[in-house]
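Each chain is listed here by its residues.
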Amino acid sequence: MNSIKIHEKDFEIFLESESINKRTRLMGIQLNVDYEKRCPIFIGVLNGSFLFMADLIKEIELDCEIDFIRVASYHGDSSTGQIKEAFGLPNNLKGRDVILVEDIVDTGLTVQYILAQLRAQEPASINVCSLLFKPAALLKPMPELTYVGFEIPNEFVVGYGLDYNGLGRNLKDIYRAI
Ligand code: IMP
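Residues numbered from 1 in each chain as written. Predicted model: local features only at pLDDT ≥ 70, side-chain atom pairs only at ≥ 80, totals over all residues. Heavy atoms only, no water.

Thoughts on the sheet that holds strand S9 (residues 125-133)
Sheet architecture is open: six strands sit in the order S7-S4-S3-S8-S9-S10, paired in mixed fashion. The outermost strands of the open sheet, each flanked by one partner alone, are strand S7 (85-87) and strand S10 (145-151). Neighbour to neighbour, the strand axes of the sheet diverge by 20° on average, direction disregarded. Here strand S8 (residues 97-105) runs beside S9; their pairing, made up of eight bridges, is parallel. From the neighbouring strand, Asp97 faces S9, where its bridge partner is Ser125. (Pairing = 2+ DSSP bridges. Helix = DSSP H or I, 4+ residues; strand = E, 2+ residues; numbered from the N terminus. Axes fitted to C-alpha atoms, helices over the stretch in contact; angles between N-to-C directions.)

Some remarks on the state of the cysteines
Within the structure shown, the criterion is met by zero disulfides. A disulfide-free cysteine, Cys64 has its sulfur positioned 6.9 Å from the sulfur of Cys39, the nearest such atom. (Disulfide = S-S within 2.5 Å.)

Notes on the site of the ligand
Close to the ligand lie 17 residues; Thr107, Gly108, Thr110, Lys134 and Val157 are nearest. At a separation of 2.9 Å, an oxygen atom of the ligand approaches a polar backbone atom of Asp106. Contacts to the ligand include Lys134, whose side-chain N or O atom sits 2.8 Å from an oxygen atom. If you list the elements that add at least two residues to the shell around the ligand, you get S8 and helix H3 (109-119). Of the residues forming the shell around the ligand, the biggest block, four residues, is contributed by S8. Looking at the shell around the ligand, its residues break down into seven nonpolar, four polar and six charged. (Near = heavy atom within 4 Å. Polar contact = N/O pair within 3.5 Å; in protein donor to acceptor, adjacent residues only side chain to side chain. Nonpolar A, V, L, I, M, F, W, Y, C, P; charged D, E, K, R; others polar.)

Details of unusual backbone geometry
With an omega dihedral of 0°, the bond running from Leu46 to Asn47 counts as a cis peptide bond. For Asn47, the position within the fold is in the loop between strand S3 (41-46) and helix H2 (50-57). Even without being a glycine, His7 presents a positive backbone phi close to 50°. In this fold, His7 is placed in the loop between strand S1 (3-6) and strand S2 (9-15). One non-glycine residue with positive phi stands out, namely Glu122, at about 55°. By relative accessible area, which is 49% here, Glu122 ends up partly exposed. (Buried < 20%, exposed > 50% of the residue type's maximum accessible area, 1.4 Å probe, protein only.)

Some details on the pairing of S8
Of all nine residues in S8, nine are buried, a share of seventy percent or more. Bridge count for S3 against S8 is four bridges, and the pairing is parallel. The partner of Ile41 across the bridge, within S8, is Val98. Once you follow S8 into H3 and on to S9, the crossover reads as right-handed. (Right-handed = clockwise from strand over helix to strand, strands pointing away.)

Looking at the sheet that holds strand S12 (residues 174-177)
Overall, antiparallel pairing links the four strands, which are arranged S1-S2-S12-S11 in an open sheet. Single-partner strands in this sheet number two, and they are S1 and strand S11 (157-158). The sheet contact formed by S11 and S12 spans two bridges and is antiparallel. Looking at S12, one finds that Val157 is bridged to Arg176.

Any functional reading would require information beyond the geometric quantities listed.
What follows is the structure, encoded as structure tokens:
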């Protein structure tokens, strides 16, 4: 399918599952090298990261822990910039190597908010691993954003975990609004 309609909006194919999977495998290889002999904890940000996290973690050959948090912050097709609350952040991160896994970094506000909470627990290290990154939308520099699958233009995308008003998370490919 090269174009689809979700709610009233038209989308066209942008990243096919084959290239997403290929890139994810490479990110996994990089993480295996960078975290050799360590036991990182991967923390996925729900809901959007669930597919990326599942595929990424299958590439990880290290001893590692996996957790998820949920942040309510985004509605419709533009960021409200309003973080409501984070749920389920583990509270035993002191001295740990934390890898925060996101579907997309847009304005960066969601990740900045989580990073502030993580830092308070004094982990040994924190890196952000995001499948997608919209550099043009980023509001302030994010040095922790070490692992990026694809840098994309400032356009609304859907699929592979990302939704448009609740729909589209199940799509294998990623589509962009037209
Ligand atoms: P940020 O706080 O602006 O960086 O936005 C991060 C969150 O907004 C992501 O975790 C997504 O849930 C959502 N988001 C940002 N851009 C898009 C998009 O293009 N499509 C779908 N969701 C998006």
